[in-house]
Amino acid sequence: MTDRRFIISRLALTACLSLLPSLTAQDEADGLETFVVAELKDMPYQRLHRGLDRLLTELPEGGRLRVQVGQYFDQGQDSSTNKMEPYIYSTVPVDEKSLPNGTEQVHDGPNHGVGRTVTWVHGKKHGPEQIRRYDGNWYIAKEIPWENDAIVGKQRAFLPNGKRQSETDYQSGQADGNSISYDADGKLSRKCTMVKGQRHGVLTDYWPLADQPKRAIPYKNGKVDGVAKEYFASGKLKRERTFRDDALHGVEKEYDDTGKVVRTRVWKENELVSEQQP
């Protein structure tokens, strides 16, 4: 029998788990209620006691759990039985200052599993974060490494088949190092270098079947600067264009697959100055 229950709140989480608000989101703005629970009697919604019982027994002596509660619309067999019902949106242990201190679990709606987990240490993200999505089966969609509230290490994304989709090096909360993307077959599709959150170096896109560069674009401090090149799948040069500070500036040449120049243009600050064809 089809489950007729559905969520009417803003938390349409299945579509975009990567944008799920964590514990630092404003509860009121998201239609959530927050409770700090040491015993089941601290939770006024009795229907949630069963879900909290195990989590509370796992806490150390004197421990407390911060619980965010959302509401969903339970559509009954007829309109007379329709009603709003609470569900556990997220849980996380808290320290003596009520700061998150342990593993936070964020749920993908009232009838689904855990869509996000992240480790907190006295109010700061510190440890692994995992984002899970459902595509017939649950799978890990993203892994984010945290140190003292900043992303440090490799942030990885995965496809439903478990193959890696991308990985980017982070330092002090900014992309810094290699940023690599892969296609559905696990082959390299893009590679670039990041410096303090900006592209800096050559960004290379690859042909999906030829294992050859499709284009190579030079970046300097987040802007295209230098000679950008495009290639045929054979590996032969197709076009080269000169950029300065994100603008076309200099000579552009196009080639046929024999290496013959078929068009030459001259640009100045994105304005075409001249064009020649054999």
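Residues numbered from 1 in each chain as written. Predicted model: local features only at pLDDT ≥ 70, side-chain atom pairs only at ≥ 80, totals over all residues. Heavy atoms only, no water.

Asker: Would you explain the confidence of the model for the protein in this entry?
Answerer: The predicted structure's coordinates, where accompanied by low pLDDT, should not be read in detail. Summarising the model, the protein shows a mean pLDDT of 88, and 87% of its residues fall at 70 or more. Confidence drops under a pLDDT of 50 for residues 1–29, and excluding neighbours within four residues, the segment shows 64 contacts in the predicted structure. (pLDDT = per-residue confidence, 0-100. Contact = heavy atoms within 4.5 Å.)

Asker: I keep staring at the pattern of salt bridges and nothing clicks. Help me out?
Answerer: Pairing is possible between side chains of opposite charge, provided their charged atoms come close. A complete count under the given rule lists 20 salt bridges for this structure. With a closest N to O distance of 3.9 Å, Asp225 and Lys220 form a salt bridge. By relative accessible area, Asp225 is classed as partly exposed at 24%. When salt bridges that share partners are traced, they join Glu230, Arg239, Arg241, Glu252, Glu254, Arg263, Arg265 and Glu275 into one network. (Salt bridge = Lys/Arg side-chain N within 4 Å of Asp/Glu carboxyl O. Buried < 20%, exposed > 50% of the residue type's maximum accessible area, 1.4 Å probe, protein only.)

Asker: Can you help me understand the side chain of Arg265 in this one?
Answerer: By the element assignment, Arg265 lies in strand S20 (residues 261–268). Among all residues touching Arg265, those that are not within four sequence positions of it are Gly250, Val251, Glu252, Leu272, Ser274 and Glu275. (Helix = DSSP H or I, 4+ residues; strand = E, 2+ residues; numbered from the N terminus.)

Asker: What is the right way to look at the packing of aromatic side chains in this model?
Answerer: Two aromatic rings, taken as a pair, are described by how far apart their centres are and by the angle between their planes. The final tally for this structure, using the stated rule, is three aromatic pairs. Each ring, one from Phe35 and one from Tyr45, has its centre 6.1 Å from the other, and the planes form 90°; the classification is edge-to-face. Taken as a pair, Phe35 in strand S1 (residues 33–37) and Tyr45 in the loop between S1 and helix H1 (49–57) lie far apart in primary sequence, 10 residues in all. Taking the centre distance of 5.4 Å and the plane angle of 65° together, the rings of Tyr134 and Trp138 count as edge-to-face. Exposure remark for Tyr134: the relative accessible area of 46% places this residue in the partly exposed category. Residue Trp138 is classed as partly exposed on the basis of its relative accessible area of 27%. Here the guanidinium or amino end of Lys214 rests over the ring plane of Trp207, the centre of that ring lying 4.7 Å away. (Phe/Tyr/Trp six-rings, centres within 6.5 Å; stacked < 30°, edge-to-face > 60°. Lys NZ or Arg CZ within 6 Å of the ring centre and 35° of its normal.)

Asker: I keep staring at the nonpolar core and nothing clicks. Help me out?
Answerer: Soluble globular proteins: nonpolar side chains tend toward being buried together. Counting 19 residues, the largest nonpolar core has Ile144, Trp146, Ile151, Ile217, Tyr219, Val224 and Phe243 as the members making the most contacts within it. For this core, the secondary structure elements donating two or more residues are strand S5 (114–121), strand S7 (138–147), strand S12 (188–195) and strand S15 (213–220). Apart from the residues lying within four places of it in its own chain, the contact partners of Phe243 are Val224, Asp225, Gly226, Ala228, Leu248 and His249. In terms of nonpolar packing, the next biggest core, distinct from the first, is built from 12 residues, Val37, Met43, Leu59 and Ile88 among them. (Core = buried A, V, L, I, M, F, W, Y, C linked by side-chain atoms within 4.5 Å.)

Asker: Explain the environment of Lys229 to me, please; I cannot follow it from the model alone.
Answerer: Mapping Lys229 onto the fold places it in strand S17 (residues 226–231). A relative accessible area of 31% places Lys229 in the partly exposed class. Here the alpha-carbon distance between Lys229 and Glu254, two residues 25 residues apart in the chain, equals 9.9 Å. Excluding residues within four positions of it along the chain, Lys229 makes contact with Lys214, Arg215, Ala216, Leu237, Arg239 and Glu240.

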